[in-house]
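Analysis of the macromolecular model
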Amino acid sequence: MNFLRGVMGGQSAGPQHTEAETIQKLCDRVASSTLLDDRRNAVRALKSLSKKYRLEVGIQAMEHLIHVLQTDRSDSEIIGYALDTLYNIISNDEEEEVEENSTRQSEDLGSQFTEIFIKQPENVTLLLSLLEEFDFHVRWPGVKLLTSLLKQLGPQVQQIILVSPMGVSRLMDLLADSREVIRNDGVLLLQALTRSNGAIQKIVAFENAFERLLDIITEEGNSDGGIVVEDCLILLQNLLKNNNSNQNFFKEGSYIQRMKPWFDVGDENSGWSAQKVTNLHVMLQLVRVLVSPTNPPGATSSCQKAMFQCGLLQQLCTILMATGVPADILTETINTVSEVIRGYQVNQDYFASVNAPSNPPRPAIVVLLMSMVNERQPFVLRCAVLYCFQCFLYKNQKGQGEIVSTLLPSTIDATGNSVSAGQLLCGGLFSTDSLSNWCAAVALAHALQENATQKEQLLRVQLATSIGNPPVSLLQQCTNILSQGDKIDRRGSKIQTRVGLLMLLCTWLSNCPIAVTHFLHNSANVPFLTGQIAENLGEEEQLVQGLCALLLGISIYFNDNSLESYMKEKLKQLIEKRIGKENFIEKLGFISKHELYSRASQKPQPNFPSPEYMIFDHEFTKLVKELEGVITKAIYKSSEEDKKEEEVKKTLEQHDSIVTHYKNMIREQDLQLEELKQQISTLKCQNEQLQTAVTQQVSQIQQHKDQYNLLKVQLGKDNPHQGSYSDATQMNGIQPEEVGRLREEIKELKNNQELLQSQLAEKDSLIENLKSSQASPGTNEQSSATASVQDSEQIAELKQELATLKSQLNSQSVEITKLQTEKQELLQKTETFAKPAPVPGESEAVAATKTTDVEGRLSALLQETKELKNEIKALSEERAAIKEQLDASNSTIAILQNEKNKLEVDVTDSKKEQDDLLVLLADQDQKIFSLKNKLKELGHPVEEEDELESGDQDDEEDEDEDNGKDQGPI
């Protein structure tokens, strides 16, 4: 407080003495008056003076105003006046001072008064509690005051709110307020609250902020809305940027799908208001926040997948190909599409299929490349197109192959009706605009990034330089332009073209010995590079010298010594004679020491303030970092060390190839073992199913047997019941007929039996004749062999017929025996019924009635007996069918058992082969270990990857042994 009084005293123009006395009197009234009206009028007067006399009111009245907030909460009017007065004291928004010194001093007042206010954290807690009041005159000034506090001293106020119970939750209720003024200012308050504070960002996100903000954006009309939409989008950016937890929550909550309507701009391209442009710009930035290359790869790819599935990428491509879109929106849309497709194959494939609405339709990539190599297009747009092309080719070998294929002779359109991407890149590479040269060279380098196949394919490209001259290769043309230097008049930077071509050549030759051989085959290339490196040039040319040193170093490191005149050792001697090793390494270090190198290495997006700064590519900086050290080592190595290293490398490659071969064999055998295991498990399942079926059939047979026995028992119980009515059976005519019928059936069966016995005798005699004929010696060996085969076939057929006849004979014999027993029983009953005893005292009418009843019952019993016989016959047939099924199942089980035995034999053989391979692998490991010891003795460091590989090999051997133990005998 004393400090503020000193500041007040130092002001050049202070208030009148009467105004100071008035403020003092008003403060006394607020402090001492007992009537609420007097205190309210005094606070209202302080509010009116607080804007003009901000310092004096702040010094004298702040403590009294805070006391009013604590004691007079029942009166909303005085609370509103007090909050407005504090806002005027702390805020710098409505500053009316004009003089520079006074303005700076007043800006410091806000932070000083804020520091006094938050010195007691209870004051901020009190303000949060006042925001729960629904009264407009309390809530709105409270929101404005808290927003001003956060603007002045954000981190300190954020910490107080964070530790306050339910502090953030109270502020979230502002978004649900029906009064738009409070809701909109609540959005601004949350913007200041969530700035650079991850903990508060998470709390706000989990308080359903995404849902409420997206609802507000939809209500306001999406991109056609006003400044409220922009404020909500900025708040969403605060919540999502660099916050992986909130990004994952946003994706899992299906909020990405709700972003698609934002970019539905319609067919009408007129009416692009300034606010709509701003809203769309922030919306595109919000999409980029979710798929930024700095995010974790897993989170980025999941967001990219969701954006494709919900149609958001398709919507962005529609804007990309639309006409009449403002330039800054088009540029930001290209950057957004770039990051949505970067490194995600599905999105890259979709983007490759997008066509521009032209006649004839052209691929979107071709249309964008036409803009990139057109020097009339804005610089930022050309940078955006280059970034889009780089993102399309990032980790996309399919896309790289498609771009390179448009340069190959077999795919170039001979009619010239359509322009391909490759032709555009070549046109830009050899134009007179240095920026087009650089962009085309970098784009072509990205088509070769980490793709040895395309580097070799690009060597086939031939260019027609002029009519009548033979075509030259693309590699040769690049070196020709490089050697011409500044002789060609170009627009733009002097070194930009050469830097771009050198970056392309370094990328092309790295990890590609064939390309190195083609490069060295031109005898002018090496002298040109050594001449460039050896010269003492200005600072601008130092970068070109460094890149030439890098290209020459790549030609040494990736040289396969196929050209005798340019072998590794000869190139090293050339460097030592013409340049000097130390000088060469110094020139090589110019690249990483350049001021623009570190800037390009930070982000993949080529974001430059002007074309002059467009020197390095992000991916190229990675290549320099990777190769600089190994080239330095390669330059200082002696020829003997190189030879030894080559021999060791070849030996290791041979052993690696052998180990790889055996590993592949083991993998194949493992696959075979897995297939055999699966087959065994399948056969086991089939066997179990068949066993279950057999068990079910056996149980059904047992049930039929039980039913059959039950029927027999019931039939035996019914026979004695018939005897009670035997007194009148001699008058029944049915029983003699039944007896006669049975006798006839017995006769027929006897005849059949005699016939079958005669046939059986004939067959026995025939078999005996065949046996005797087979025993007699034959005259001709061939005829006897044929006869023996035929006889054996006939014997088998006859045996089968004999077995069939015997089974028929047995069944008929059983049936005859059964009928004979039934005949005996009937005969006994007939004899019993033939001797009736007279019943005394019974009339003829009663006897006739009883006879009729007995006849009816006998006929019913006979009918039931007939039905039972039919059922028994049917059961016998069913039993025979079940027996046949059982025999078939047993044969199937036997076949499966044989297959199982074969598989077990195969598994045992495979296990033996695998054991032999493991022994061979152990021998190879011992040889590799001895070679590593030799390398260590020669001073060559052994990398950890070799050790890890051997460790992986041991793990695989252990796993194979465990698998062998698990298989065992099945």
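What you see is a predicted model, and the numbers here were worked out from it, not measured in a lab.

1. A few points about the overall build of the protein chain
Each helix and strand in the protein chain was counted, giving 41 helices and four strands. In the protein chain, which comprises 970 residues, the proportion classed as buried is 43%. Carbon and sulfur atoms make up 50% of the accessible area of the protein chain, which amounts to about 51700 Å² in all.

2. Quick notes on the packing of aromatic side chains
Scanning the model with the defined rule gives eleven aromatic pairs in all. A centroid spacing of 5.5 Å and a plane angle of 40° characterise the contact between Phe250 and Tyr255, whose relative ring orientation is tilted. Tyr255 shares its class with Phe250; the two are buried. A ring pair is formed by Trp262 and Phe263, whose centres lie 6.5 Å apart and whose planes are at 55°; its orientation type is tilted. Ring pairs connect the aromatic residues Phe206, Phe210, Phe249, Phe250 and Tyr255, which therefore count as one cluster. One cation-aromatic arrangement involves Arg179 over Phe134; the distance from NZ or CZ to the ring centre is 3.9 Å.

3. Notes on unusual backbone geometry
For the bond from Asn359 to Pro360, the omega torsion is 0°, close enough to zero to count as cis. Tracing the backbone shows Pro360 in the loop between strand 1 (355-356) and strand 2 (362-363). The backbone of Ser254 shows a phi angle near 60°, a positive value even though the residue is not glycine. Secondary-structure assignment places Ser254 in the loop between helix 15 (244-252) and helix 16 (274-290).

4. Brief notes about the packing of helix 5 (residues 76-90) against helix 8 (residues 136-152)
Relative to each other, helix 5 and helix 8 sit at 20°, their axes nearing to 9 Å. As judged from the angle between their axes, helix 5 and helix 8 are roughly parallel. Taken as a pair, helix 5 and helix 8 cross one another with a handedness that is left-handed. Between helix 5 and helix 8, the residues in contact are Ser76, Ile79, Gly80, Leu83, Asp84, Leu86, Tyr87 and Ile90 and His137, Val138, Pro141, Gly142, Lys144, Leu145, Ser148, Leu149 and Gln152, respectively. Along the lines of polarity and charge, the residues of the contact of helix 5 with helix 8 split into nine nonpolar, six polar and two charged.

5. Regarding the packing of helix 21 (residues 364-372) against helix 24 (residues 421-429)
Two elements in contact, helix 21 and helix 24, have axes whose closest approach is 9 Å; the angle formed by their N-to-C orientations is 10°. Between helix 21 and helix 24, the interaxial angle falls into the category roughly parallel. On helix 24, the residues touching Val366, Leu369, Met370 and Met372 of helix 21 are Ala421, Leu424 and Leu425. Residue classes in the contact of helix 21 with helix 24 are distributed as seven nonpolar, no polar and no charged.

6. Concerning the side chain of Thr194
Assignment of secondary structure puts Thr194 in helix 11 (residues 180-194). The exposure class assigned to Thr194 is buried, which follows from its relative accessible area of 0%. At a separation of 2.7 Å, a polar atom in the side chain of Thr194 contacts the main-chain carbonyl oxygen of Leu190. Leave out the neighbours within four places in its chain, and Thr194 touches Gln158, Ile200, Gln201, Val204, Leu235, Asn238 and Leu239.

7. As for the environment of Glu450
Tracing the backbone through its elements, the reader meets Glu450 in the loop between helix 25 (434-447) and helix 26 (452-458). Given a relative accessible area of 69%, Glu450 falls into the exposed group. For the pair formed by Glu450 and Trp508, sequence separation is 58 residues and the distance between their alpha carbons is 9.6 Å.

8. Some thoughts on the environment of Arg288
On the secondary structure map, Arg288 appears in helix 16. Sequence separation between Arg288 and Val340 is 52 residues; the distance between their C-alpha atoms is 7.5 Å. Arg288 has contacts with Glu332, Asn335, Thr336, Glu339, Tyr387 and Gln605, leaving out every residue within four places of it along the chain. A polar contact is formed between the side chain of Arg288 and the side chain of Glu339, at a distance of 3.0 Å.

9. Notes on helix 20 (residues 345-353)
Looking at helix 20, one finds that the buried residues are Asn347, Gln348 and Phe351. Angular distribution of buried residues about the axis of helix 20 spans 100°; they occupy a single face of the element.

10. Points about the pattern of salt bridges
Opposite charge on two side chains lets them pair, provided their charged atoms get close. Evaluation of the coordinates by the stated rule reveals 22 salt bridges. Close ionic contact of Asp349 with Lys398 constitutes a salt bridge, the shortest N to O distance being 4.0 Å. Within this pair, whereas Asp349 is found in helix 20, its partner Lys398 is found in helix 23 (residues 397-405), the two being separated by 49 residues in sequence.

11. What about helix 9 (residues 154-163)?
Burial in helix 9 covers these residues: Gly154, Val157, Gln158, Ile160 and Ile161. Mapping the buried residues of helix 9 onto a view down its axis gives an arc of 165°, with all of them on the same face. Exposed and oriented more than 90 degrees from the buried face of helix 9 are Pro155 and Val163.

12. Let's talk about the confidence of the model for the protein chain
Overall, the prediction assigns the protein chain a mean pLDDT of 81, with 78% of residues at 70 or greater. Within the model, the stretch residues 95-100 combines pLDDT values under 50 with six contacts to residues more than four positions away or in other chains. Note that pLDDT drops below 50 for residues 945-951; the model gives that stretch five contacts with residues more than four away or on any other chain.

13. Re a negative patch on the surface
Negative charge collects at one region of the surface, where Asp906, Asp909, Glu913, Asp915 and Asp916 lie side by side. Using a relative accessible area of 44% as the deciding quantity, one classes Glu913 as partly exposed.

The rules behind these values
Residues numbered from 1 in each chain as written. Predicted model: local features only at pLDDT ≥ 70, side-chain atom pairs only at ≥ 80, totals over all residues. Heavy atoms only, no water. Helix = DSSP H or I, 4+ residues; strand = E, 2+ residues; numbered from the N terminus. Buried < 20%, exposed > 50% of the residue type's maximum accessible area, 1.4 Å probe, protein only. Areas by Shrake-Rupley, 256 points an atom, 1.4 Å probe, with all protein chains shown as cover. Phe/Tyr/Trp six-rings, centres within 6.5 Å; stacked < 30°, edge-to-face > 60°. Lys NZ or Arg CZ within 6 Å of the ring centre and 35° of its normal. Axes fitted to C-alpha atoms, helices over the stretch in contact; angles between N-to-C directions. Parallel < 35°, antiparallel > 145°, perpendicular 65-115°, else oblique. Left-handed = near helix turned anticlockwise from the far one by under 90°. Contact = heavy atoms within 4.5 Å. Nonpolar A, V, L, I, M, F, W, Y, C, P; charged D, E, K, R; others polar. Polar contact = N/O pair within 3.5 Å; in protein donor to acceptor, adjacent residues only side chain to side chain. Arc of directions from axis to C-beta. Salt bridge = Lys/Arg side-chain N within 4 Å of Asp/Glu carboxyl O. pLDDT = per-residue confidence, 0-100. Patch = residues over 30% accessible without salt bridge, like charges linked within 9 Å, V, L, I, M, F, W, Y side chains within 5 Å. Lys, Arg positive; Asp, Glu negative; His and termini not counted. Charge placed at Lys NZ, Arg CZ, Asp CG, Glu CD.

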